[in-house]
Amino acid sequence: MIPKYIDSVQVKEILTWPLVNAAVEEALKAIDYSDVANAANSEQSYKQQPPRTITTCGNASKLLLTMPGYVANYNASNAKTNDHLNCSSTLACKVVTSFTNNQNLQPPLPNILANVLLFDINTGELQCIMEGTQITAWRTAAASIVATKYLYMKRFPQGIQTSIKLAIIGCGVQGQSHALGMCATFNVSEIYLWNRTQSKADNLALKLQKLYLRNSMNIVVTKTPAEAVREAAVICIGTYSPHALINYDMLKSGDVHINTVGAGAVHFGEVSQDIYDNAAVYVDSLINARTELKDLKADIIGEIGQVVREGRRTENKCLTIYQSLGMAAEDATVAQAVYNAL
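As the structure is a prediction and not an experimental result, all values here were calculated from the model.

Engineer: Please set out the domain arrangement of the protein chain residue by residue, giving values where relevant.
Structural biologist: Domains assigned within the protein chain are domain 1 (4–135 + 330–341) and domain 2 (137–328). When each unit is reduced to the centre of its C-alpha atoms, the spacing between domain 1 and domain 2 is 22 Å. Between domain 1 and domain 2, the contact holds 36 residues from the first and 35 residues from the second. For domain 1, the biggest contributors to the area lost against domain 2 are Trp 17, Leu 28 and Glu 330; these three give 26% of the whole.

In structure tokens:
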């Protein structure tokens, strides 16, 4: 079998937020089985999600990550027919490089580059090599969208129709994806943008203004992270910052939800300890959390997938955090959706 190659242009043409959100929700809610025998006999959707491997290439600013995953008995999205394929199974591995200096190159490259390998579920043959940088950006934002939907929006009778004030801390690739995905999915009345280099925040503001020209959404570029989060009910923070950019005193009182997707050497470095002390923390993968969040001083309530399956939280704190680590299962279901569309 000669593997099919799907480049970034083809991937981008297929991706939509409803498609990606649905695929990621399927991956998140699949039960994580470590016992293969039990998994094979299960009729409900499940995933095999081993811990990722991380190879340092000289220093922490250059990383190679390998992320294998298997998702079975789930409803795969089909962009061609706009429906679901019941009881699909996907075996995939994503290979990622994170080189933080790429943005300073001329011409600049994305800091995070990825390829997703899809395998034939019956023979194990390599079926497809898919450019995965777009998928990484979209599925990471989609996981935050699903987390926001179940951890925050379900607190209100109107659900996802509830008007929210949104803060984006860090306006790079992930900040842009989160801003675009959140605004496409939820009723965002105000969005506050902050970036260490203000020009990136200005550029994102212009993009949002063009997309939502006829809407009443208020778009504000702020000078500091504190200004950005002061009135925000939902906060998305995704930077390489090695130190905390927001603390508990900066947050508004009442209901607040934070999606943190930092890609620095320490995943949880962007958010101060006093925020974690007052929050209910959820993750996408407890297996990955045991290694990558072993130094985090916070009580992790559980996986967001359990909340999706049960439709409710087991606690009632006003402040929640979705600590994103990223799962190959998410890449697998999104890549499968793209492959199904060709």
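Engineer: Give a detailed account of the packing of aromatic side chains, specifying residues and quantitative values.
Structural biologist: If you walk through the whole model with that rule in mind, you get three aromatic pairs. For the pair Tyr 46 and Tyr 70, a centre-to-centre distance of 6.1 Å together with 65 degrees between the ring planes defines the contact as edge-to-face. You can see Tyr 46 sitting in strand β3 (residues 46–48) and its partner Tyr 70 sitting in strand β5 (residues 59–78), a full 24 residues away along the chain. When the ring of Tyr 152 is compared with that of Phe 156, the centres are 5.1 Å apart and the planes differ by 65 degrees; the resulting orientation is edge-to-face. Residue class for Tyr 152 comes out buried when judged on its relative accessible area of 5%. With relative accessibility at 23%, the residue Phe 156 sits in the partly exposed group.

Engineer: Which residues make up helix α4 (residues 133–151), and what values do they have?
Structural biologist: For α4, built from 19 residues, the straight-helix expectation of 27 Å at 1.5 Å per residue is met to within 8% by its first-to-last C-alpha distance of 27 Å. Burial of α4 is extensive: 17 of the 19 residues sit out of reach of the surface.

Engineer: Outline the nonpolar core, listing residues and values.
Structural biologist: If you look at the biggest cluster of nonpolar residues, it comprises 69 residues, and the most contacted ones within it are Met 130, Ile 191, Leu 193, Leu 208 and Ile 304. With eleven residues, α4 is the single largest residue contributor to this core. The contacts of Ile 304, once residues within four sequence positions are left out, are Leu 28, Ala 147, Tyr 150, Leu 151, Tyr 282, Val 283, Asp 284 and Tyr 322. Counting residues in each nonpolar core, the second largest holds 27 residues, with Tyr 192, Val 229, Ile 275 and Tyr 276 among its members.

Engineer: Can you break down the pattern of salt bridges residue by residue, with the values?
Structural biologist: Under the defined criterion, the tally for this structure stands at ten salt bridges. Glu 330 serves as the salt-bridge partner of Arg 139, at 3.6 Å between the closest nitrogen and oxygen. Taken together, the positions of Arg 139 in helix α4 and Glu 330 in helix α11 (residues 328–340) put the pair 191 residues apart, joining distant regions of the chain. Of the two residues examined, Arg 139 and Glu 330, each falls in the buried class. Arg 313 is the salt-bridge partner of Glu 315, the closest N and O atoms lying 2.7 Å from each other. By relative accessible area, which is 18% here, Glu 315 ends up buried. Relative accessible area serves as the criterion here: at 15%, Arg 313 is assigned to the buried category. A single network of salt bridges, built from pairs that share partners, joins Lys 94, Arg 139, Glu 330 and Asp 331.

Rules used throughout
- Residues numbered from 1 in each chain as written.
- Predicted model: local features only at pLDDT ≥ 70, side-chain atom pairs only at ≥ 80, totals over all residues.
- Heavy atoms only, no water.
- Domains from an automatic or database assignment.
- Contact = heavy atoms within 4.5 Å.
- Buried area = accessible area lost by both parts, 1.4 Å probe.
- Phe/Tyr/Trp six-rings, centres within 6.5 Å; stacked < 30°, edge-to-face > 60°.
- Helix = DSSP H or I, 4+ residues; strand = E, 2+ residues; numbered from the N terminus.
- Buried < 20%, exposed > 50% of the residue type's maximum accessible area, 1.4 Å probe, protein only.
- Expected span 1.5 Å × (residues − 1).
- Core = buried A, V, L, I, M, F, W, Y, C linked by side-chain atoms within 4.5 Å.
- Salt bridge = Lys/Arg side-chain N within 4 Å of Asp/Glu carboxyl O.

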